[in-house]
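What follows is the residue order along each chain.
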Amino acid sequence: MSQSSSSSDDDFDALDDIDPAEVYTLEDFMAEQEILDKIGEDIGESLKAKLCDQILETSHRRSGPRRFIPRNHGEAHERLVANYFSEKPLFHGEMFRRRFRMRRPLFERIVSALTDWSVEFTDRVDATNREGLSPLQKCTAAIRMLAYGTSADQLDEVLMMGASTALKCLGLFAKGLIVKFGEEYLRPPTVNELQSLLQVGESRGFPGMIGSIDCMHWQWENCPVAWRGQFTRGDHGVPTMILEAVASHDLRIWHAYFGVAGSNNDINVLNQSPLFISTLKGEAPRVQFNVNGRQYNTSYYLADGIYPEWATFVKTIPLPQSEKDKLFAKLQEGARKDVERAFGALQARFNIIRRPARLWKQKSIGEIMTACVILHNMIIEDERGMIHAPLDLNENPGTSLALPPEVIVGPHVAFTDYMRRSSTIRDRPTHVQLKKDLVDNIWERNQPIPQAGHRASGSPRSQISLAEMGSCPSVKNILVLDLEGKRVAVKYYSDEWPSASSKLAFEKSVFVKTQKTGAKAEEADVVMFDGYIVVYKFIEDLHFFVTGGEEENELILASVLQGFSDAVGILLRNKVDKRTALENLDLIFLCIDEVVDGGIVLETDANVIAEKVSGHGLEGAGSYAEQSVTQAFATAKQHFMRSLLN
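So, here's what we can say about the structure. Fair warning: this is a prediction, and the values are worked out from it, not measured in the lab.

1. Considering the pairing of strand β10 (residues 487-492)
Within a regular beta strand, the side chains point alternately toward one face of the sheet and then the other, so they alternate between its two faces.
So, step 1. Summarising the sheet, strand β9 (residues 477-481) and β10 pair through 5 bridges and their orientation is antiparallel. From the neighbouring strand, I478 faces β10, where its bridge partner is K491.

2. Re the pattern of salt bridges
So, step 1. Tallying each qualifying case throughout the model produces 26 salt bridges.
So, step 2. Among the ionic pairs, E108 bridges to R104, the shortest N-O distance being 2.8 Å. Placement of the pair is E108 and R104 together in helix α6 (residues 104-117), with a separation of 4 residues, close to one helical turn.
So, step 3. Here E108 falls in the partly exposed class, since its relative accessible area comes to 33%.
So, step 4. Taken together, the shared-partner salt bridges in this structure form one network comprising E120, R124 and K168.

3. Examining unusual backbone geometry
So, step 1. You will see that L319, though not glycine, has its phi angle at about 50°, which is positive.
So, step 2. Among the secondary structure elements, L319 is positioned in the loop between β7 (313-314) and α14 (323-349).
So, step 3. Non-glycine residue R573 carries a positive phi angle of around 55°.
So, step 4. Within the fold, R573 resides in the loop between α21 (554-571) and α22 (578-583).
So, step 5. For R573, a relative accessible area of 41% corresponds to the partly exposed category.

4. Focus: the sheet that holds β7
So, step 1. The 5 strands lie next to each other as β3-β2-β1-β6-β7, forming an open sheet whose pairing is mixed. Only two strands of the sheet have a single neighbouring strand rather than two, namely β3 (253-261) and β7.
So, step 2. Pairing of strand β2 (residues 240-247) with β3, which is carried by 7 bridges, proceeds in the antiparallel orientation. Counterpart to L243 in the pairing with β3 is F258.
So, step 3. In this fold helix α16 (residues 362-382) packs onto β1 (209-219), β2 and β3, with an angle of close to 165° to the strand it touches most, β3.

5. Here we look at the packing of α6 against helix α9 (residues 163-185)
So, step 1. Where α6 contacts α9, the axes come no closer than 10 Å and their chain directions differ by 105°. Relative to α9, the element α6 lies roughly perpendicular. Facing α6, whose interface residues are R109, I110, A113, L114 and W117, α9 presents L172, F173, K175, G176, L177, V179, K180, F181, E184 and Y185.
So, step 2. In terms of residue class, the contact of α6 with α9 is made up of 10 nonpolar, 1 polar and 4 charged.

6. A word on the nonpolar core
So, step 1. Counting 67 residues, the largest nonpolar core has F107, I110, F173 and L375 as its most contacted members.
So, step 2. With residues up to four places along the chain from it excluded, the contact list for F107 reads F85, F96, F100, M102, L136, C139, T140 and I143.
So, step 3. With 38 residues, the next largest nonpolar core counts F276, V287, F328 and I442 among its residues.

7. Here we look at helix α20 (residues 500-515)
So, step 1. Relative to the 22 Å expected for 16 residues at 1.5 Å per residue, α20 spans 23 Å between its end C-alpha atoms, a close match to the ideal helical length.
So, step 2. Among the residues of α20, those classed as buried are F506, E507, V510, F511 and T514. All buried residues of α20 lie within an arc of 130° about the axis, which places them on one face of the element.
So, step 3. Packed against the buried residues of α20 are β9, β10, β11 (525-529), β12 (532-539) and β13 (542-549).

8. Here's the deal with the pairing of β2
So, step 1. Of all 8 residues in β2, 8 are buried, a share of seventy percent or more.
So, step 2. By the alternation rule, side chains of β2 split into T240, I242, E244 and V246 and M241, L243, A245 and A247, which are all buried.
So, step 3. Counting the residues in the hairpin turn of β2 and β3 gives 5 residues, including L251, whose phi is positive at 70°.

9. Quick notes on the packing of aromatic side chains
So, step 1. In the structure shown here, the tally under the stated rule is 31 aromatic pairs.
So, step 2. Centroid distance F96 to F100: 4.2 Å. Interplanar angle 10°. Geometry classified as stacked. On the criterion of helical spacing, the pair formed by F96 and F100 is a turn pair, its members being 4 residues apart in helix α5 (residues 93-100).
So, step 3. Since its relative accessible area comes to 3%, F96 is described here as buried.
So, step 4. F100 gets classed as buried once you look at its relative accessible area, which sits at 0%.
So, step 5. Positioned above the aromatic ring of Y148, the side-chain terminus of R101 is 4.8 Å from the ring centre.

10. Quick word on the packing of α5 against helix α7 (residues 135-148)
So, step 1. Direction vectors running N to C along α5 and α7 enclose 70°, while the axes themselves pass 8 Å from each other. By the angle between their directions, the pair α5 and α7 is classed as roughly perpendicular. Counted together, R98, R99 and F100 of α5 and T140, I143, R144, A147 and Y148 of α7 form the full contact between these two elements.

11. Focus on the environment of F313
So, step 1. Positionally, F313 belongs in strand β7.
So, step 2. The spatial distance from the C-alpha of F313 to the C-alpha of R428 is 9.9 Å, given a sequence separation of 115 residues.
So, step 3. Setting aside residues no more than four positions away along its own chain, F313 makes contact with I213, L270, F276, Y300, Y301, A303, Y307, P308 and H431.

12. Overview of the side chain of D304
So, step 1. Topologically, D304 is positioned in the loop between β6 (300-302) and β7.
So, step 2. The buried charged residue D304 lacks any salt bridge partner; its closest oppositely charged side chain belongs to R336, at an N-O distance of 4.2 Å.
So, step 3. Each residue touching D304, except ones within four places of it in the same chain, is listed here: D214, D266, K315 and R336.

About the thresholds
Residues numbered from 1 in each chain as written. Predicted model: local features only at pLDDT ≥ 70, side-chain atom pairs only at ≥ 80, totals over all residues. Heavy atoms only, no water. Pairing = 2+ DSSP bridges. Helix = DSSP H or I, 4+ residues; strand = E, 2+ residues; numbered from the N terminus. Salt bridge = Lys/Arg side-chain N within 4 Å of Asp/Glu carboxyl O. Buried < 20%, exposed > 50% of the residue type's maximum accessible area, 1.4 Å probe, protein only. Contact = heavy atoms within 4.5 Å. Axes fitted to C-alpha atoms, helices over the stretch in contact; angles between N-to-C directions. Parallel < 35°, antiparallel > 145°, perpendicular 65-115°, else oblique. Nonpolar A, V, L, I, M, F, W, Y, C, P; charged D, E, K, R; others polar. Core = buried A, V, L, I, M, F, W, Y, C linked by side-chain atoms within 4.5 Å. Expected span 1.5 Å × (residues − 1). Arc of directions from axis to C-beta. Phe/Tyr/Trp six-rings, centres within 6.5 Å; stacked < 30°, edge-to-face > 60°. Lys NZ or Arg CZ within 6 Å of the ring centre and 35° of its normal. Lys, Arg positive; Asp, Glu negative; His and termini not counted.

Right, here's the structure in full:
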């Protein structure tokens, strides 16, 4: 035990005698630190390289100091002046107008106005006393981007302007136009301008018309993903924003409302539009005009079929049948193209609107569209003197008048006045009556003056034109059968069925043929049968048929059937069944005679047919719609007896 303890003490004594500097010297320590520092530097460089690679993968912008390009702004300005703005420019006026979309005096007027508006459009120097971009360079860059729809850096070689500076100039240019010229060139017409529009509308056959209205879509390429649903409509398939505009015959845009999401239709845009705000407030000029001897106090716009039937809109006639309706539809659709032409001219002048919008902010896109509309109107006004309108001193003076707005007493509009004006704008009966009067007015205006010995002046002009053209629509027969195919009232106008048996056989065959088609009640349908076109309709226990040749228009035959069946309903007070028809058979035959005479179609309007039947009755008797069935039967019976005696 004592020996082991003594040996351990000797070991500790030996360790105390060892010098640490001899075991781990300072040179060894320094060498180890250099190795560790080198390893740390290698790890740091490796991590830095990996981070740089990740940044380059996620962003195209390189880190480091901003690259400076020494652009010579003064030389570019002098070259621009020598090309376009000197006393003897290199490029003449026509080339200036084509490239700048306007004449030089108008462009210089815009540059001068923007110079007064903002210091951004003035000559300045930077912190190094280097000359900056001139107002001509900035406005030229903005106009070229609007006119050609080019990218921001495409003009860098010519104007010495970077992409970011060009985009900034474009935004400021649009804002400056809105501030300086928006109030003058984006407003409704004044009283004098409205009077001129009314005169032009009346000369075109539309008294009271002050323009045409429609909508246009502009594709938004950089629409946010979260918004794409509300800005995309099925017929376009891409995000768009809508421009609602009212244009006149000279392509001037009097109303522009932009920014509604593209998923809406024209009616949704109209409900959000401020088009009638001034009218509802009583601040818009009043209008009075006469059509077909009837006075109207509300001006109107020509519109397509989607717009509501308001007193302020006049729409075309879909599928017109008579010559009157065809002429009206032709002229209305032609005049309504004014707004379509305005859209085409706007896109042709400013190609940026034709191409998808690449801006990110909806407000910026709206400012670009508004600026283009203002520039369009400025160009229209500037070049209006170059267009010579014909003056016809033999033309009768117009009857359309533009009057000052109503006198408003007090700062607020009375609610009763607001509701009265709103109901006037949305009045459907006025829309229907105005459309009928315009049809008659256009027909009268476009008819030639009858020559002596031609025909009596009291003859209907529609019958004269049809007879002269030799293209009157005709029918072969009109049939009214019961549920078993038996006769109720029939009339034939062709010798193709010479005997009574042949007529009965045709009626039976037509009845069997149409029973198998499964047509719905009170809906007209058409079928081809033995070389004839048969249009038919089922009402209660009666079957109505109108037969025409294979060369006849089925739409005309359908209008004959509709007019005849509706007139029978009016005469029978909507009680259209076999029993009532047999009790008032004379009414039905008189109705057939008013629709067709000798196979020639005379009238298809149910109300007119019923009134004509009632007009042949006793004096003082009202229309059939105002009489009882017994009174109407007595009146019709007397007329029927008179026709037999005559």
